[in-house]
Amino acid sequence: MNLNLKDYGLNAYESAAYLALVKTGASTAYSASKNSQVPYGKIYPTLASLQEKGFVQLFEGPPKKFVAVEPKIILEKIMRQKAVEFGRLKHNSQKLIDALGVFAVRKPKESLESIRIIQGFKKYLDLSVA
């Protein structure tokens, strides 16, 4: 199953690594790389990014182990954050509409250009001089 967590702020490597950790539980970087098919050279930055975003917890020790945060917890947290962001955007948008709407009302009405068909050079000169 190919799940994309792009809407939750994860790129393709992060999505693959997180899903692998959810399925397998606590894993070393090597096994997370192997299970997720994220190249080994990219797995440490990917896991660090997931940890920073709150999707993964690191357990120190030889070897370091990475554990996925329960999907329900992290995804609900992100949805709450997005709801707050949306509320802020909605509020700011209304303020902009109110502020900019004043200018739109005062804007003079623009005339629409019309197309004329002219036959003959004399009629063309008459219209261009007028």
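Starting afresh in each chain, residues are numbered from 1 along the sequence in its written order. Reporting in this predicted model follows two pLDDT cut-offs: at least 70 for local features of residues, and 80 or more for side-chain atom pairs to be given and counted; totals over whole chains, interfaces and linings ignore these cut-offs and use all residues. Hydrogen atoms and water are omitted, and side-chain values are computed over all heavy atoms in the structure.

Engineer: Please clarify how the nonpolar core should be interpreted in this entry.
Structural biologist: Proteins that are soluble and globular tend to have nonpolar side chains buried together. Residues belong to a common nonpolar core when they are buried Ala, Val, Leu, Ile, Met, Phe, Trp, Tyr or Cys residues joined through side-chain atoms within 4.5 Å. Each residue's exposure class comes from its accessible area (1.4 Å probe, protein chains only) as a fraction of the maximum for that residue type: buried when under 20%, exposed when over 50%, partly exposed otherwise. Residues Tyr18, Leu21, Ile43, Leu47, Leu50 and Phe55 are the most contacted members of the largest nonpolar core, which totals 19 residues. Secondary structure elements with two or more residues in this core: helix 1 (12-24), helix 2 (29-36), helix 3 (40-53), strand 2 (65-68) and helix 4 (71-106). Here the element with the most residues in this core is helix 1; it accounts for four residues. In this description, contact between two residues means that some pair of their heavy atoms is separated by no more than 4.5 Å. Residue contacts for Phe55: discarding those within four places in its chain leaves Tyr8, Leu10, Tyr18, Leu50, Val67, Ala68, Val69, Ile74, Leu75 and Ile78. Where helices and strands are cited, they refer to DSSP runs of H or I of at least four residues and of E of at least two residues respectively, numbered from the N terminus.

Engineer: Is there a simple way to explain the pairing of strand 2 in this structure?
Structural biologist: Strand residues, when the strand is regular, have side chains that alternate between the two faces of the sheet. Alternating residues of strand 2 divide into Phe66 and Ala68, all buried, and Lys65 and Val67, none buried. Whether two strands pair depends on DSSP finding at least two bridges between them. Connecting strand 1 (residues 56-59) to the antiparallel partner strand 2 that follows it, the hairpin turn spans five residues, and Gly61 within it adopts a positive phi of roughly 140°.

Engineer: Even after reading the chapter, I still don't get the side chain of Ser49, so can you show me in this structure?
Structural biologist: Following the sequence through the fold, Ser49 ends up in helix 3. Under this definition, polar contacts are N or O atom pairs within 3.5 Å; protein pairs additionally need one hydrogen-donor-capable and one acceptor-capable atom, and for neighbouring residues in sequence, both atoms have to be side-chain atoms. Within the local environment of Ser49, its side chain forms a polar contact with the side chain of Glu14, the two groups lying 2.3 Å apart.

Engineer: Help me out: how do you make sense of the pairing of strand 1 in this one?
Structural biologist: Pairing between strand 1 and strand 2: four bridges, direction antiparallel. The partner of Leu58 across the bridge, within strand 2, is Phe66.

Engineer: I keep staring at the pattern of salt bridges and nothing clicks. Help me out?
Structural biologist: Any two side chains of opposite charge can pair, given that their charged atoms come close. Any carboxyl oxygen of Asp or Glu that lies within 4 Å of a side-chain nitrogen of Lys or Arg is treated as forming a salt bridge with it. The tally for this structure, following the rule as stated, stands at one salt bridge. Glu14 is the salt-bridge partner of Lys53, the closest N and O atoms lying 2.9 Å from each other. Remark: Glu14 occurs in helix 1 and Lys53 occurs in helix 3; sequence separation between them is 39 residues. Assessed through its relative accessible area of 35%, Lys53 is described here as partly exposed.

Engineer: How do you make sense of unusual backbone geometry when you look at a structure like this?
Structural biologist: A negative phi holds for most residues other than glycine; trans holds for most peptide bonds. A cis geometry characterises the amide bond from Pro62 onward to Pro63, with omega recorded as -10°. With a phi close to 65°, Gln37 is a non-glycine residue in the positive phi region. Note that Gln37 resides in the loop between helix 2 and helix 3.

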